[in-house]
Each structure stands twice: as C-alpha cells, then as structure tokens.
Amino acid sequence: MTVPIGHWLALSAVLFSIGAVGVLLRRNLIVVLMAIEIMLNAVNVAFVALSRHLQSMDGQVIVFFVMTVAAAEAAVGLAIILAVFAQRRTLNADELGRLRG
Amino acid sequence: MIQVPFGTAEWQSIAPFSLVAIGGMIALLWAVFAEERPGTTSVMWMSQAGLAAGLVATIALLGSEKASFGGTFALDGVSLLANLVFLLSASMTLFMAQGHLESMGVRAREFYPLVLFATAGMMIMGAARDLVILFLGIEVMSLAAYVLAGIHRRDPGSTEAALKYFVLGAFATCFLLYGIAAFYGATGATSYDGIRAGLASAPRAALIGGVALLVVALGFKAAIVPFQAWTPDVYQGAPTAVTALMSVGVKAAAFVGITRLFLDGLGPLHQDWQRIFWVLAVLTMTVGNVFALVQGNVKRMLAYSSIAHAGYLLAGVAVGTSRAGGAVLLYLFTYAFMTLGAFGVLIALGTGEKPNDDLDDLRGLADRRPLLAGAMTIFLLSLTGIPPLAGFVGKFYVVESAVNAGWFWLAILLVLNSAIAAYYYLAVIVAMWMRDPIGDEPAWESRPYLAAALLAATVGTVLVGLFPSGTLDFARHAFASIVR
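Nothing here was measured: the structure is a model prediction, and the numbers come from that model. (Residues numbered from 1 in each chain as written. Chains lettered and ligands numbered in written order. Predicted model: local features only at pLDDT ≥ 70, side-chain atom pairs only at ≥ 80, totals over all residues. Heavy atoms only, no water.)

1. Here's the deal with the confidence of the model for chain A
Any segment with low pLDDT has predicted coordinates that should not be analysed in fine detail. For chain A, per-residue confidence averages 90 on the pLDDT scale, and 94% of positions sit at 70 or higher. The spread of mean pLDDT over the elements of chain A runs between helix 3 (residues 58–88) of chain A, the lowest at 93, and helix 2 (residues 29–54) of chain A, the highest at 95. (pLDDT = per-residue confidence, 0-100. Helix = DSSP H or I, 4+ residues; strand = E, 2+ residues; numbered from the N terminus.)

2. Some remarks on the pattern of salt bridges
Residue and element names in this part refer to chain B. Applying the stated criterion across every chain, the model contains 10 salt bridges over all chains. The closest approach of N and O atoms between R323 and E400, which form a salt bridge, is 2.6 Å. Of the two residues, R323 sits in helix 14 (residues 322–349) while E400 sits in helix 17 (residues 390–404), which places them 77 residues apart along the sequence. On the accessibility criterion, R323 (31% relative accessible area) is partly exposed. R476 serves as the salt-bridge partner of E400, at 3.3 Å between the closest nitrogen and oxygen. You can see E400 sitting in helix 17 and its partner R476 sitting in helix 20 (residues 469–480), a full 76 residues away along the chain. Here the salt bridges share partners, and the residues they tie into one network are R129, D193, R196 and D264. (Salt bridge = Lys/Arg side-chain N within 4 Å of Asp/Glu carboxyl O. Buried < 20%, exposed > 50% of the residue type's maximum accessible area, 1.4 Å probe, protein only.)

3. Examining the nonpolar core
All names here are of chain B. Grouped together as the largest cluster of nonpolar side chains are 217 residues, with contacts concentrated most on F111, F262, L266 and F277. No other element matches helix 14, which puts 20 residues into this core. Setting aside chain neighbours within four positions, we find L266 in contact with F183, I195, V211, L214, L261 and W273. (Core = buried A, V, L, I, M, F, W, Y, C linked by side-chain atoms within 4.5 Å. Contact = heavy atoms within 4.5 Å.)

4. A word on the packing of helix 17 of chain B against helix 18 (residues 408–434) of chain B
Residue and element names in this part refer to chain B. Running from amino to carboxyl end, helix 17 crosses helix 18 at an angle of 155 degrees, the nearest separation of the two axes being 7 Å. With respect to helix 18, the element helix 17 is oriented roughly antiparallel. By crossing handedness, the relation of helix 17 to helix 18 is classed as left-handed. Together, K395, V398, V399, A402 and V403 of helix 17 and F408, A411, L414, V415 and S418 of helix 18 make up the contact between the two elements. When the residues that make up the contact of helix 17 with helix 18 are grouped by side-chain class, the tally is eight nonpolar, one polar and one charged. (Axes fitted to C-alpha atoms, helices over the stretch in contact; angles between N-to-C directions. Parallel < 35°, antiparallel > 145°, perpendicular 65-115°, else oblique. Left-handed = near helix turned anticlockwise from the far one by under 90°. Nonpolar A, V, L, I, M, F, W, Y, C, P; charged D, E, K, R; others polar.)

Next comes the structure, spelled out in structure tokens:
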C-alpha cells in the first residue's frame, strides 16, 4: 500500500504549524527549542516524501544537511539558554525582556 | 545521477571562503592548544592573516566568470565584489573589537575565529546558486553570529540579545527550508538553473507559496519590515563590535543572497515578487526612519537607521534590472564603510564601566575629541546621503535605476524618506558640535587599532564617494550576465 503524496504533505504542513504555533505561544525556552525541532522535522518529512514522489535522491540528501544543521543549532541554542539561565535563574521568556520596546 | 566534476573552476571558486575558514580554524586551535596561551592581540593578527589570505584569493580571481559544481556555486563579479565587502568589514570589525572587548572584561579569544567563520558563511551566501547552498551559507554565518551576539556572557543584555537572535533566526531557517521544499516539489530542483527550467510547468500555488516563504525567511535575516522586530533589541544588546558586523556583514550577505536568488533563479517570476518587494521596501524605509526619529540612544538609532537602509536596498531589488543589481552592490559597498565607521565611533566612546552611547553622551564631543567628532560627522553626513560622500552615491544610483525602469513612485518615496532620515542624523551632529557636554569627561583609553579602523572607514567613505565609477561599472557588468 502506498500513501499518496498529498497525505504526506498534509502531515508535514500540520507538523510545521504545530511547531510554529509552539514557538509563538509557549513561554518555556526549552519547549520553544523543541518546537523549532518539530518544524525542522516537518520539513524533513516533506523532503523525503517529495524525493520519493519525484524519483530523485536530492530530497533525501537535503535531509542529511538539515539534520546536521539542526544538531548544530540545538547545541548553540542550548548553550545560549544555559548562559541566560545562569544569570536569571529562569527559563520563562516573559521574565526576560530587559530590551523591550 | 549527476556527475559533478571537480577541476580548476571548482578549486578556484571555493578558494576564498575556504582560506578564511581554514584561517579561522588554525587561529582557534592555536588559541586553545598553544604551549603559552596567546594574547588576544596575537589571535587577532592570526585571524587577520586568514582574512588577508581570502582577500588575496579574491583579488587574484577578479575578472573570472565561472560556474562550478554543476552551476550551483558561482565565481563571478558579484560573488567577488561581495567577498571584498565581507572581508573588509570583517577585518575592520576585528580591529575595532581589539581593546573594546577587554575593556568590558571579555577575554574570549574565540571571538576572532568566530568572526572568520561568520565571514566564510557570508562568502558562501554571496556565491550560492542553489537554494541548499544558500541555506548552508546562511547557517554557517548565523550559528557564528548567534554566539558572537552573546560573547559578553556576564552581561544580561548580551545573552538576551543572543537568545532573541537565535530563536528568531532558527524560526526563520524553518521557513527558508519549507520554501526550499516548495520549490523542490514544484520544479524538482533546488539549483537556480533547475528552478528556472522547471518554472514553466510548475503548479502556480506552490510557486507563490515558495516565494512567500523565502521572502519571510530572508526578510528576517535582512531585517525587513514586518520581520524586523528583533533588530533593535539584538543590535543594542550585543557588544558594539558585533553589532557593527551584524548590521554590515550579515545584512550585506542577506542582500547579495536575495538579489542573486530573485534576479537570477526566480527572474521569470518577477511580476510576482516585484510587487511584494515594492510594498516591503517602502514599509521598511518608512518604519525604520520613523522609529529612528524618537530614539535617545545612538546605538539603537543606528539599528533603526540600518532598517531604513535595508528598505533602500530592497527598493533596488524590487526594480530588478541589472542596473539596479549593480546599484545594490555599490550601495552595500558604501554602506559598509559608513556604518562600520559610525559604530566604531560608538566603540571609541565606551569605557569599561559605561557604553556612553546615549545622545546626551555625545553632547560637546567636538570640544573634547574633535577628530572623533569630525569622523562621526563624515559618517553621519554620508548616511544622510550628502554629496560627495559614499552614501550619496549609493542612494543616487538606486534612485537612478528606479527612474530608469519607470518606477517613479518608488524613487520619490525613497527620496522623501532620506529627507526624514536627515533629521535624526543631523540631531547627532548638532549635539556634538553645538551643545555643551553634560557631566565629567569619561576616562577614555587610547586604542590604536580602533583609530586605524576609523581612519580606514573615513578614507573609504570619502574615496568611494568621489570615485564610484570603477566599482559601479564592475558591479553593473557583474549583474549583466545574471539578469537574463
């Protein structure tokens, strides 16, 4: 049984939206980071599905690049969150905001 | 399966950015593993050597026109001229940071290699002719830039700037990737040549969606309204040397990437994106200028002014002719000198305890430090667009290309906006020359490297303003083969 391409793209769009809403609405920085990871993986789903649909390997190669970059991004992001936490003792985005306005 | 050849053209095209990246790695390893821990000055010179190697390679290759890696990586006038902008601004940033970071208590030697890594990313962006390579360039640049923004780890403003920059940058990256997926699905390719070839048979909805996603993502990187909300906070929170690099190098790289992508890869869709860019350009310059008017802090004012300049640049992209492409490239060249100079003056004002970058801190500067006030005046007049300085030339050719292509309203709005901008730039000049200072004179330190960088910025601002034709002809010629 093959799942049609439209279903995969719909799944990817739903995951992407969940991630985007998470980044915008959640206040905990770790959760925000996880929401970004969901968005990146939503893109990966789209690439793999399109790759199969188009019968080209490019999409699957791109996924490797995305995964590598996502790992590097998570490392840098967690380091920055740690630096912020060391000063403020909070992970709540609302309690930051010295530079509003 | 596509066979990708690896010959002379390939080596030549990756040489400039590879040399910079390798230079950064050597400097980093040396700073960490040397028997005797090197001082920041030695690491700075080591990093300058890496930039110099990239500069030599760039100059040696000037004039070559080659496509490499199956046409996905360009070695042409645009990438080489962009390299010059990136390398010069990175080099000046390093000189400016020397002494500035130590006075704030930051002894991080990794600062200098990180600037090199960011520069390598910018150079990849300037040469990318494939969306995936553009993405990799953006990430190489941004990951280094996130860390640089937070390099002052003990300062809450700096770490918070890094956090904001990171979250919004990563968010934008997701949109970029989704846009790439849209084009991959619609045209079956990610290279600009492949996309151009596939546009005719692609579903229109996917293309429009893809363009919108790419505009959002690149708009974040270039600080275009309505994706500019992070800019003032991040620019103000980050150490001033990093702000200078972000507002010049990162923005220039984003614009070279945007220009090449839309004029080349998405050229056939110009009727769709030109209208979007027209509106965004006018919005960006107006919002930037209006908010800059009410700032009491000069660093924040310059952040809003950089948004306004992004609007002028975007106007050039919206026009979309090869003349306009050349004007955008020339503008980036002029913008680099004057903006780096203005931020450099702010660095010179800062002491270990206090940044001294409020408008009130600049009052009476002409009496206390006439040379510094004179340099700042030149940079601000240039940012306003007063002839014969560099800023005028950049703006003039963008307006000229707009009029030439029949975009009269865009040209008129751009000129009106420059008139608003004159108000807040002149306010700083008035404060420096005609107002009495408030408070005692801060204990300024002498910083020879910073002075040299400021001198270079001043000379650049004046010289490019007086003799723009060489650079302009080169930039126009470079775009002539891109805009088809």
